[in-house]
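Coordinates in review
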Amino acid sequence: MRPAVSAAPARFNVRMLAIRAERLFDGVDAAPVTRPVVLVEEGRVTEVLSEAEPPNGARVVDLGDATLLPGLVDPHVHLVFDASTDPVGHLAAMDDDAALAVMRANARLALSAGITTVRDLGDRDYLALRLRAELAADPTAGPRVLAAGPPLTTGRGHCWFLGGEVVGGVEAVRAAVRERAERGVDVIKLMATGGELTPGSSSHVPQFTVEELRAAVEEAHRHGLPTAAHAHGAAGIANAVAAGVDNIEHGTFLTADGAEADPVIIRAIVDAGIPVGISVPQKPSPGALPSPGIVKRLPFIIAVFRELRAAGIPLVCGSDAGIGPVKPFDALPYGPAMMASMLGMAPVEVLRSVTSLAAEVCRVGDRKGRVAAGFDADLLAVAGDPLQDPAALTAVRAVFRAGVRVR
Ligand SMILES: [Zn+2]
């Protein structure tokens, strides 16, 4: 015999969840929804009410004096890295199973901070695709994962140790993109310059020719995939723009000892309509410092970011989580307040940069980054009002993933 299960009253819609709060930022609108009731069924938002009572029979979660907003979207993470002082060395010492265990923990940490979508811009052995499949089967165990696989880089170029070295010119680049497309990646990541994490590579020095980058973009687009280019120095940024990449990551205009914006290249970015992901988020933690190369150049980098913003370039906030101790997987929510204070951006602008705008850049803007009918019920609730003070994003009160409360 089956165990007895008490039936719900007939009018009780057990499938409907009604989430109440004091105010709601929908991902776009600067004016909050007051006294919202967000109705959720089967993992999706079905309706957003204001100043109304929940429908009869719905299961009500009342969050009290809290602000509801879309679950955050982090467009730039590296789940295989452990956010220690030596993420590269630690990864090298791990087999794939051990690395996957680290990735699962990283994903859980991100979700607990209200980050419900992450775009992994560089793994080893396509491990982020394995994690993507696991979390698709159990969404409560982590964010929605979008993955690039091993980033394309030049011989011993930035992050070569992740396995994405491409030598042999344009045809080799096309083959590398095809391999990733066949594996089912969501985006192609291109290392257009060197980076801080890789000894022997320099952030201000370009990698790949324009022809190689263009071949990668063409092949990616042929497979319906967007491209994201890691680019610090001006020459690499200019190459990426000329190649037609869909999104530039970093965009710092680093030089050997500082950073200096180039108005001509900035104009080209504007004309091409390319959003730039600025990886400003840092989680303050005692004794943890960002890379000395970046600290020294920070005032110059901030000046560059101000010029990008003044030119009207959409700025997305990505954490680059995993690459160091100030970049744990719950670092993203610290970014918007930093952007507001460093760049003078309005709270609504910085909130969009981690919700609706980030979702668009990640090509999931039809399901993520907004609280509206038809969107996934990935939600964050925080104490206080982030539309007044974005620092409120770190005061987490609740997290929902696909309509299920996970915190
Ligand atoms: Zn990165």
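Treat the numbers as computed from the prediction; the structure is a model and nothing was measured.

1. Focus: the nonpolar core
Grouped together as the largest cluster of nonpolar side chains are 93 residues, with contacts concentrated most on Leu152, Leu190, Ile248, Ile269 and Leu308. With seven residues, helix α2 (residues 96-112) is the largest single contributor of residues to this core. Taken domain by domain, the makeup of this core includes at least three residues from each of domain 1 (16-70 + 369-405) and domain 2 (72-361). In contact with Leu190, not counting residues within four places along its chain, are Leu152, Leu213, Ala216, Val217, Thr227, Ala228, Ala229, His230 and Val245. Within the second largest apolar cluster, 17 residues are counted, among which are Leu24, Val45, Val61 and Leu63.

2. What about the domain arrangement of the protein chain?
A common way to state how big an interface is: give the accessible area lost once the parts meet. The domain architecture assigned to the protein chain consists of domain 1 (16-70 + 369-405) and domain 2 (72-361). A separation of 29 Å is found between the C-alpha centroids of domain 1 and domain 2. With both chains or domains summed, domain 1 and domain 2 bury close to 1800 Å², and 73% of this area falls on carbon and sulfur atoms. By the criterion of area lost to domain 2, the three top residues of domain 1 are Pro390, Leu393 and Arg401, representing 32% of everything that side buries. There are six residue pairs in polar contact (both at pLDDT 80 or more) connecting domain 1 and domain 2. At the level of elements, β7 (66-70) and β17 (396-401) are the ones that each hand at least two residues to the side of domain 1 that touches domain 2. With four residues, β17 is the largest single contributor of residues to the side of domain 1 that touches domain 2.

3. Looking at the sheet that holds strand β12 (residues 227-233)
If you trace the five strands from one edge of the open sheet to the other, you get β11-β12-β13-β14-β15, paired in parallel fashion. With one partner strand each, in any of the chains shown, β11 (188-191) and β15 (315-317) form the two edges of the open sheet. Across the sheet, the axes of successive neighbouring strands diverge by a mean angle of 30°, strand direction being ignored. Packing against the sheet, helix α8 (residues 292-310) makes contact with β13 (247-254), β14 (276-278) and β15, and its axis sits at approximately 120° to β13.

4. Quick notes on the layout of surface pockets
Reported here for the largest pocket is a volume of approximately 680 Å³. Looking at the largest pocket, it is lined by 35 residues, and the ones nearest its centre are Glu196, Ser291, Ile294, Ile323 and Lys327. Elements that contribute at least two residues to the lining of the largest pocket include exactly β11, β12, β13, α8 and α9 (335-343). It is α8 that contributes the most residues to the lining of the largest pocket, five residues altogether.

Cut-offs applied
- Residues numbered from 1 in each chain as written.
- Predicted model: local features only at pLDDT ≥ 70, side-chain atom pairs only at ≥ 80, totals over all residues.
- Heavy atoms only, no water.
- Core = buried A, V, L, I, M, F, W, Y, C linked by side-chain atoms within 4.5 Å.
- Buried < 20%, exposed > 50% of the residue type's maximum accessible area, 1.4 Å probe, protein only.
- Helix = DSSP H or I, 4+ residues; strand = E, 2+ residues; numbered from the N terminus.
- Domains from an automatic or database assignment.
- Contact = heavy atoms within 4.5 Å.
- Buried area = accessible area lost by both parts, 1.4 Å probe.
- Polar contact = N/O pair within 3.5 Å; in protein donor to acceptor, adjacent residues only side chain to side chain.
- Pairing = 2+ DSSP bridges.
- Axes fitted to C-alpha atoms, helices over the stretch in contact; angles between N-to-C directions.
- 1 Å grid on protein atoms, 1.4 Å probe; cavity = no way out; pocket = protein on both sides within 12 Å on 5 of 7 lines; lining within 4 Å.
- Points joined across faces, edges and corners; volume = space filled by probe spheres on them.

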